[in-house]
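Here is what each chain is made of, one letter per residue.
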Amino acid sequence: MGALRDVFGVPDPSFLEVSGFDDDASWTEEDLPLGLTVRRPTPPQVDLTALVAESADELRGLVAEVLVPIVGGTVEFDPDGDVPVPAGDSTLYVTVDEETPCVRLWTLLLHDLPWRPRVGFELNRVNTMLRFARVAYRDGTVVLEHDMYSRPFVPEHLRAAVAGVTGLVDGLATKLQTVIGGRLLSEPADGTP
């Protein structure tokens with residue numbers, strides 16, 4: 001009581017709210033002493049509207065609508081069919097597959113990395129820890145990829161995927177570099193800062 005009153009400035013237990021549950025079920029007001037009240041969590045509002053795109057062009061239009069607030073402006077696909085999305089020190093690319101209803105999120109983690117068995121070993125090790133993405137070695141680079149089946153297309157799934165993959169990028173690139181070498185995108189070719 002002293003800590004609540006003197007340290008946290010709670011003048012009376014009635015100012016506290018409780019949330020949680022025990023082995024039997026959620027707590028109720030009757031389970032709590034001292035006039036404490038139960039705070040019921042409010043579930044986040046998530047729009048799980050499912051849309052069906054009949055073509056790759058239609059799917060690109062749906063993807064572009066989702067990405068407008070994320071990139072903070074107009075969304076344009078580059079000549080390779082990618083939309084660049086800033087991701088810390090890197091760039092995340094969002095691509096619509098031409099043949100299947102699939103959206104791929106990918107980013108370059110490392111480049112200028114010669115192939116060695118240690119590279120394959122470490123990438124396999126990382127892949128065992130990643131749940132919804134994979135890392136791969138391609139022609140001297142290491143990329144992180146996430147494929148999202150998009151029939152139906154759920155805009156909220158793409159928003160969550162962009163946030164999740166973006167959260168992986170910088171920390172993973174730096175950790176991989178310390179183990180297998182290569183260069184980050186933010187490092188100049190001549191080694192100068």
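Chemist: Got a minute to help me understand the overall build of the protein in this structure?
Modeler: Within the protein one finds 4 helices and 7 strands. Along the protein, helices and strands appear, N-terminal first, in the series α-β-β-α-β-β-β-α-β-β-α. Sorting the 193 residues of the protein into buried and exposed places 35% on the buried side. Counting contacts in the protein only where the partners sit at least 6 residues apart, residues at least 24 apart contribute 53% of the total. With an accessible surface of roughly 12100 Å², the protein has 56% of that area assigned to carbon and sulfur atoms.

Chemist: What am I meant to see in the packing of aromatic side chains here?
Modeler: When we look at a pair of aromatic rings, we describe it by the centre distance and by the angle of the planes. Inspection of the entire model under this criterion finds 2 aromatic pairs. Ring centres of Tyr 93 and Trp 106 lie 4.7 Å apart, and the angle between their planes is 25°; this geometry places the pair in the stacked category. Of this pair, Tyr 93 sits in strand β4 (residues 90–96) while Trp 106 sits in strand β5 (residues 102–110), and the two are 13 residues apart along the sequence. Relative accessible area serves as the criterion here: at 24%, Trp 106 is assigned to the partly exposed category.

Chemist: Where do I start with the environment of Thr 49 in this structure?
Modeler: Looking at the secondary structure, you find Thr 49 in the loop between β2 (37–38) and α2 (56–71). A sequence separation of 106 residues divides Thr 49 from Pro 155, and the C-alpha atoms of the two residues are 7.3 Å apart. Ignoring any residue separated from it by four or fewer positions in sequence, one finds Thr 49 in contact with Phe 153, Val 154 and Pro 155.

Chemist: Would you explain the side chain of Arg 183 in this entry?
Modeler: Here Arg 183 lies in the segment after α4 (155–180). At a separation of 2.3 Å, a polar atom in the side chain of Arg 183 contacts the side chain of Asp 112.

Chemist: I would appreciate a short explanation of α2 in the present structure.
Modeler: Look at α2: 21 Å from first C-alpha to last across 16 residues, which is about the 22 Å you get at 1.5 Å a residue. By the largest-angle criterion, Glu 65 marks the main kink of α2, which is about 30°, and a proline, Pro 69, follows within four residues. Regarding α2, the residues found buried are Ala 56, Leu 59, Arg 60, Leu 62, Val 63, Ala 64, Val 66 and Leu 67.

Chemist: When you look at the pattern of salt bridges in this model, what are you seeing that I'm missing?
Modeler: Two side chains carrying opposite charge are able to pair once their charged atoms lie near each other. Under the definition given, this model contains 12 salt bridges. Two residues, Arg 134 and Glu 145, come together in a salt bridge whose shortest N-O distance is 3.0 Å. In this pair, Arg 134 sits in strand β6 (residues 134–138) while Glu 145 sits in strand β7 (residues 141–149), placing the two residues 11 residues apart along the sequence. Taking relative accessible area as the criterion, Glu 145 reaches 4% and is therefore assigned buried. Among the salt bridges present, the one from Glu 145 reaches Arg 138, with a minimum N-O distance of 2.5 Å. With relative accessibility at 40%, the residue Arg 138 sits in the partly exposed group. One salt-bridge network, in which partners are shared between bridges, spans Arg 104, Arg 134, Arg 138, Glu 145 and Asp 147.

Chemist: Is there a simple way to explain the pairing of strand β3 (residues 82–87) in this structure?
Modeler: For a regular strand, side-chain orientation follows a simple rule: the groups alternate between the two sheet faces. Relative to β4, β3 runs antiparallel, the two sharing 6 bridges. Residue pairing in the sheet places Pro 84 in a bridge with Tyr 93 of β4. Taking the residues that link successive antiparallel strands as the turn, the β3-β4 hairpin has 2 residues, and the phi of Gly 88 there is positive, at about 65°.

Chemist: Sorry if this is basic, but what is going on with unusual backbone geometry here?
Modeler: Among all residues except glycine, the phi angle is most often negative; among peptide bonds, the trans geometry is most common. At the junction of Arg 151 and Pro 152, the peptide bond is cis and its omega measures out at 10° in the coordinates. Note on placement: Pro 152 falls in the loop between β7 and α4. In this structure, Asp 112 takes a positive phi of about 55° despite not being glycine. We note that Asp 139 has phi near 50°; this positive angle belongs to a residue other than glycine. Note that Asp 139 resides in the loop between β6 and β7.

Parameters at a glance
- Residues numbered from 1 in each chain as written.
- Predicted model: local features only at pLDDT ≥ 70, side-chain atom pairs only at ≥ 80, totals over all residues.
- Heavy atoms only, no water.
- Helix = DSSP H or I, 4+ residues; strand = E, 2+ residues; numbered from the N terminus.
- Buried < 20%, exposed > 50% of the residue type's maximum accessible area, 1.4 Å probe, protein only.
- Contact = heavy atoms within 4.5 Å.
- Areas by Shrake-Rupley, 256 points an atom, 1.4 Å probe, with all protein chains shown as cover.
- Phe/Tyr/Trp six-rings, centres within 6.5 Å; stacked < 30°, edge-to-face > 60°.
- Polar contact = N/O pair within 3.5 Å; in protein donor to acceptor, adjacent residues only side chain to side chain.
- Expected span 1.5 Å × (residues − 1).
- Bend = angle between axes of the 7 residues up to and from the residue.
- Salt bridge = Lys/Arg side-chain N within 4 Å of Asp/Glu carboxyl O.
- Pairing = 2+ DSSP bridges.

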